[in-house]
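A closer look at the structure
Now for the letters of each chain:
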Amino acid sequence: MAVNASLAAALIAGISLVFAVTAEDPYRFFTWNVTYGDIYPLGVRQQGILINGQFPGPDVRSVTNDNLIINVFNSLDEPFLISWSGIQQRRNSFVDGVYGTTCPIPPGKNYTYALQVKDQIGSFYYFPSLGFHKAAGGFGGIRILSRPKIPVPFPDPAGDYTVLIGDWYKSNHTDLKAQLDNGKKLPLPDGILINGRGSGATINVEQGKTFRLRISNVGLQTSLNFQIQGHTMKVVEVEGTHTLQTTFSSLDVHVGQSYSVLITADQPARDYYIVVSSQFTSENLTTTGVLRYNNSAGPVSGPIPGGPTDQINWSLNQARAIRTNLTASGPRPNPQGTYHYGKINTTRTIRLASSAGQVNGKLRYAVNSISFIPADTPLKLADYYKIDGVFRVGSISDHPTGGEIYQDASVMQADYRAFVEIVFENPEDIVQSWHLNGYSFFVVGMDGGEWTPESRNEYNLHDAVSRCTVQVYRKSWTAIYVALDNVGMWNVRSEDWERQYLGQQFYLRVHTNSTSPRDEYPIPKNSLLCGRASGRHTRPLP
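A look at the state of the cysteines
Taken as a whole and judged by the stated rule, the model has one disulfide. The partner cysteine of Cys 103 in its disulfide is Cys 530, sulfur to sulfur 2.1 Å. The chirality of the disulfide connecting Cys 103 with Cys 530 is left-handed, given an S-S dihedral of about -90°. Of this pair, Cys 103 sits in the loop between strand S5 (82-85) and strand S6 (110-116) while Cys 530 sits in the segment after strand S33 (505-511), and the two are 427 residues apart along the sequence.

Below, the structure is given as structure tokens:
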């Protein structure tokens, strides 16, 4: 939807006070109306969350360094908040779109997000972050194209498709939330969707040509395997990093993850199954779509392809095979391998272990024994306005404690420009997925069993993939390196939304004593203020 010229001018004037942008960084304007509406993804009527009447929501298409001005009208009867998975807001966690940093949009009101996709390329998505809204929709794809002068390590595809996959429940999101509030675990999902459909999603291709699929798992809790009958896929990009172009017959996409693959329509002209199936679940869930050749001679036929049989080992080996293409340019005209992360000494090791248990007779999940509970005020606002009593820095340990679960608004302190090692430890019998807002990180290692310092001997210190969401297999560990070069309050969370909602998350406060806008932007002038920050000026009083 368009905005008028005077509004556009006013927005640009306001935003330029916040972003140090130059004339060559263009603006793209979006107006979104968020409403409830009837949807039928699994053949029964449900109340979905629509954006401009669409389920899933519209794609956000942009180019490196674009400024995205997204005016969101909340026409729901409850507060609403959108987060931008993988979009690294440099020096500006105020607009990160999670409750620890950003006030929700009240019913009947609007808020204009000002985002810059600074020095980024690749495939991502957005989603509603409050409560269990994600179970009702409100999500969509984000693509950031390279600037025309920056070479991409593969020819332009004949077509470029967003493919959103995820598990789905027939129950209303409010009923699912109520189950969790009552201390009950969610059942197995009812099905799997491809672009909002439980069956019948179609991708059209032309024989002999190559197409790009941007695949994101936007579901709630299930790792998924993606494949196309009779075709192979070449992985070329993962969450903003060009990868070695490795070919697979199927691809595991864990919750919250995004991949770009190339497929070539090189088979006899007919229709082929697109198959998405659950991985590591007690019961197999499968849905199908159709890859349709433009000169198709017939419908899909033959058995529906099954997923890998040795799931854990197959998936682990695939994950290790996905590595950075060091000779490709990223968002800038220099090879991705010029940043030698493996030659930098880490200054700190943070070990994060998940756990599940009971608190006051109800199910809770925890990180290092702390189950996160939201404060009455977004933590970033409390930090910015120096409001006491909202959170305590250091309220979560940087290593597992082995103690019983207890609740807190957990915040871990970290130094700006530190280079740290984070080890995700998973002692549980499920596959987990972790996300770090505001950053990409190098996935240097993953293996079964317990992590020890000797595990570092097997790290990939040469061409590990850089991404923002990573899986941790059953009774296993995953290690990452991250340069903490982005000041702010950043959410570290499980992408299993039941676990996130019931406490498996915390905030990483990347801090500097500097007050220079070169290190962190001031709070945006249009920021919503809530909780104990209500009524404050948008800038601290002198």
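Points about helix H2 (residues 173-181)
Among all positions in H2, only His 173, Leu 176 and Leu 180 are buried. Take H2 and look down its axis: the buried residues cluster within an arc of 60°, on one side only. Those residues of H2 hidden inside the fold are in contact with strand S1 (27-39), strand S2 (46-51) and helix H5 (497-501). Just downstream of H2, Gly 183 is the residue with a positive phi angle, here 85°.

Some remarks on empty space enclosed by the protein
The full count for this structure, using the stated rule, is six cavities of 30 Å³ or more. Along the wall of the largest cavity there are 15 residues; nearest its centre are Phe 139, Gly 166, Asp 167, Trp 168 and Val 218. With five residues, the top contributor of residues to the lining of the largest cavity is strand S9 (residues 159-168). For the lining of the largest cavity, the residue count by class is nine nonpolar, four polar and two charged.

Some remarks on the nonpolar core
In terms of nonpolar packing, the biggest core is built from 66 residues, with Ile 165, Leu 213, Phe 226, Leu 291, Leu 352 and Leu 484 touching the most fellow members. Grouped together as the second largest cluster of nonpolar side chains are 27 residues, Val 60, Trp 84, Val 95 and Ile 144 included.

Points about the layout of surface pockets
By volume, the largest pocket is sized at about 1100 Å³. Contributing to the lining of the largest pocket are 39 residues, with Asp 119, Pro 331, Tyr 339, Phe 442 and Ser 466 lying nearest its centre. For the lining of the largest pocket, the secondary-structure elements that each account for two or more residues are strand S28 (441-448) and strand S31 (476-483). By residue number, the principal contributor to the lining of the largest pocket is S31, which donates three residues. Of the residues assigned to the lining of the largest pocket, the class counts are 15 nonpolar, 16 polar and eight charged.

Considering unusual backbone geometry
Here Phe 55 and Pro 56 are connected by a cis peptide whose omega angle stands at -10°. Within the secondary structure, Pro 56 sits in the loop between S2 and strand S3 (60-63). The phi angle at Arg 91 is positive, at roughly 60°, despite the residue not being glycine. Relative to the helices and strands, Arg 91 is located in the loop between S5 and S6. Classification of Arg 91 as partly exposed rests on a relative accessible area of 23%. Positive phi values are uncommon outside glycine, yet Lys 475 reaches one of about 45°.

Quick word on the environment of Ala 414
Structurally, the position occupied by Ala 414 is in strand S25 (residues 410-415). Between the alpha carbons of Ala 414 and Thr 101 there is a distance of 17 Å; along the sequence they are 313 residues apart. Ignoring any residue separated from it by four or fewer positions in sequence, one finds Ala 414 in contact with Arg 348, Leu 484, Leu 508, Arg 509, Val 510 and His 511.

Considering the pattern of salt bridges
Pairing between side chains of opposite charge can happen when their charged atoms approach one another. Considering all chains together, one arrives at 27 salt bridges under this definition. As a salt-bridge pair, Asp 38 and Arg 45 come within 3.4 Å of each other at their nearest N and O atoms. The class of Arg 45 is exposed, set by a relative accessible area of 58%. Across the pair Asp 271 and Arg 292 runs a salt bridge whose closest N-O atoms are separated by 3.1 Å. A residue pair is termed long-range when its members are at least 10 positions apart, and Asp 271 in strand S18 (residues 271-279) and Arg 292 in strand S19 (residues 286-293) qualify at 21 residues. For Asp 271, a relative accessible area of 6% gives the class buried. Relative accessible area serves as the criterion here: at 34%, Arg 292 is assigned to the partly exposed category. Salt bridges sharing common partners tie together Asp 59, Arg 61, Arg 143, Asp 160 and Arg 214.

A look at the confidence of the model for the protein
The share of residues in the protein with pLDDT of 70 or more is 95%, and the mean pLDDT across the chain is 94. Counting contacts from residues 1-23, a segment whose pLDDT is below 50, to residues more than four positions away or on other chains yields 33 contacts.

With respect to the sheet that holds S2
Strand order in the open sheet formed by four strands is S2-S1-S4-S6, and the pairing between neighbours is mixed. Edge positions in the sheet fall to S2 and S6, since each of these pairs with one other strand and no more. Here the strands of the sheet are splayed against their neighbours by 20° on average, with no regard to which way each runs. Where S1 and strand S4 (residues 67-74) come together, eight bridges link them in parallel fashion. Residue pairing in the sheet places Asn 33 in a bridge with Phe 73 of S4.

Cut-off values and rules
- Residues numbered from 1 in each chain as written.
- Predicted model: local features only at pLDDT ≥ 70, side-chain atom pairs only at ≥ 80, totals over all residues.
- Heavy atoms only, no water.
- Disulfide = S-S within 2.5 Å.
- Helix = DSSP H or I, 4+ residues; strand = E, 2+ residues; numbered from the N terminus.
- Buried < 20%, exposed > 50% of the residue type's maximum accessible area, 1.4 Å probe, protein only.
- Arc of directions from axis to C-beta.
- Contact = heavy atoms within 4.5 Å.
- 1 Å grid on protein atoms, 1.4 Å probe; cavity = no way out; pocket = protein on both sides within 12 Å on 5 of 7 lines; lining within 4 Å.
- Points joined across faces, edges and corners; volume = space filled by probe spheres on them.
- Nonpolar A, V, L, I, M, F, W, Y, C, P; charged D, E, K, R; others polar.
- Core = buried A, V, L, I, M, F, W, Y, C linked by side-chain atoms within 4.5 Å.
- Salt bridge = Lys/Arg side-chain N within 4 Å of Asp/Glu carboxyl O.
- pLDDT = per-residue confidence, 0-100.
- Pairing = 2+ DSSP bridges.
- Axes fitted to C-alpha atoms, helices over the stretch in contact; angles between N-to-C directions.

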